[in-house]
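These are the residues of each chain, in order.
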Amino acid sequence: MSRPTLMNSPFLLGFDDIEKALERVTRTASDGYPPYNIERMPREDNLPERLRITLAVAGFSRDQLAITLEEGQLVIRGRQQDDRERQFLHRGIAARQFQRSFLLAEGMQVLGADLADGLLSVDLVRPEPERIVKNIEITVRS
C-alpha cells in the first residue's frame, strides 16, 4: 500500500526534494533539547533584515559547540565530556550531547554566531533576489 504524500499533485512537478526535506525535518523536530527561539530582527545600520536562532546552551563552552552547513541544513551540535574528577553529592545538571537541525531555504546565508550568557545566537539572512522579467518570444507556424 502506498502512502499519500503532500506533493503528489500533478501540478507540483519537481518538488521531490522539498518533500524529502519536510520528512527529514519532521523526524528531527521531536527532541526538545536544547530549547530555542527564532526571531525576526529588523534592519540596523548596515545589516539587512535577518533571522536569529537562539539556543539555550548553559554549561557549554565555545569549544564544545559546533555549527555546520550540511546539504541545506544548519546543524548545531554540543558535546560535553563528563568530568570524572569531580565528586557530586547531587547531580541535577547532566553532561549531555545534542544536535539541533534547521532546514534553510535556498539562498539563506549564515552571517555569524555569538555565545553570551549561556545563549548561542546564529544570525541568518536571505539576500534580496534580483527581480528578472524575461519576455518569451512566441513563434508562429504556418
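Residues numbered from 1 in each chain as written. Predicted model: local features only at pLDDT ≥ 70, side-chain atom pairs only at ≥ 80, totals over all residues. Heavy atoms only, no water.

Enquirer: Residues and numbers for the overall build of the protein, please.
Expert: Helix and strand content of the protein: one helix and seven strands. Secondary structure elements of the protein occur, N-terminal to C-terminal, as α-β-β-β-β-β-β-β. The proportion of buried residues among the 142 residues of the protein is 22%. Within the protein, counting contacts between residues at least 6 apart in sequence, those at least 24 apart form 45% of the total. Counting every atom, the protein has about 11,900 Å² of accessible surface; 50% of that belongs to carbon and sulfur. (Helix = DSSP H or I, 4+ residues; strand = E, 2+ residues; numbered from the N terminus. Buried < 20%, exposed > 50% of the residue type's maximum accessible area, 1.4 Å probe, protein only. Contact = heavy atoms within 4.5 Å. Areas by Shrake-Rupley, 256 points an atom, 1.4 Å probe, with all protein chains shown as cover.)

Enquirer: Give me the lowdown on the pairing of strand β6 (residues 109–116), citing residues and values where you can.
Expert: Here β6 pairs with strand β7 (residues 119–125) via seven bridges, running antiparallel. Pairing of Gln109 across the sheet is with Val125, part of β7. Following β6, the chain reverses through two residues before pairing antiparallel with β7; Asp117 in that reversal takes a positive phi of roughly 55°. (Pairing = 2+ DSSP bridges.)

Enquirer: Give me the sheet that holds strand β5 (residues 98–103): which residues, what numbers.
Expert: Read from one edge to the other, the open sheet built from three strands follows the order β3-β4-β5, with strand pairing classed as antiparallel. A single partner strand is all that each edge strand has here, and the edge strands are β3 (65–70) and β5. Strand-to-strand twist of the sheet, defined as the mean angle between neighbouring strand axes without regard to direction, takes the value 15°. With six bridges connecting them, β3 and strand β4 (residues 73–78) associate as antiparallel partners. Bridge assignment links Ala66 to a residue of β4, and that residue is Arg77. (Axes fitted to C-alpha atoms, helices over the stretch in contact; angles between N-to-C directions.)

Enquirer: Could you give me a rundown of the layout of surface pockets, with the residues and numbers involved?
Expert: In this structure, the largest pocket occupies an estimated 280 Å³ of space. Taken together, 15 residues line the largest pocket, and the ones lying closest to its centre are Gln80, Arg91, Ile93, Ala94 and Ala95. In the lining of the largest pocket, the residues fall into seven nonpolar, four polar and four charged. Space inside the second largest pocket adds up to approximately 220 Å³. Arg40, Arg43, Pro48, Glu49, Arg50, Leu51, Met108, Leu124, Val125, Arg126, Pro127 and Glu128 are the residues that line the second largest pocket. The set of elements that each furnish at least two residues to the lining of the second largest pocket consists of β2 (50–56) and β7. (1 Å grid on protein atoms, 1.4 Å probe; cavity = no way out; pocket = protein on both sides within 12 Å on 5 of 7 lines; lining within 4 Å. Points joined across faces, edges and corners; volume = space filled by probe spheres on them. Nonpolar A, V, L, I, M, F, W, Y, C, P; charged D, E, K, R; others polar.)

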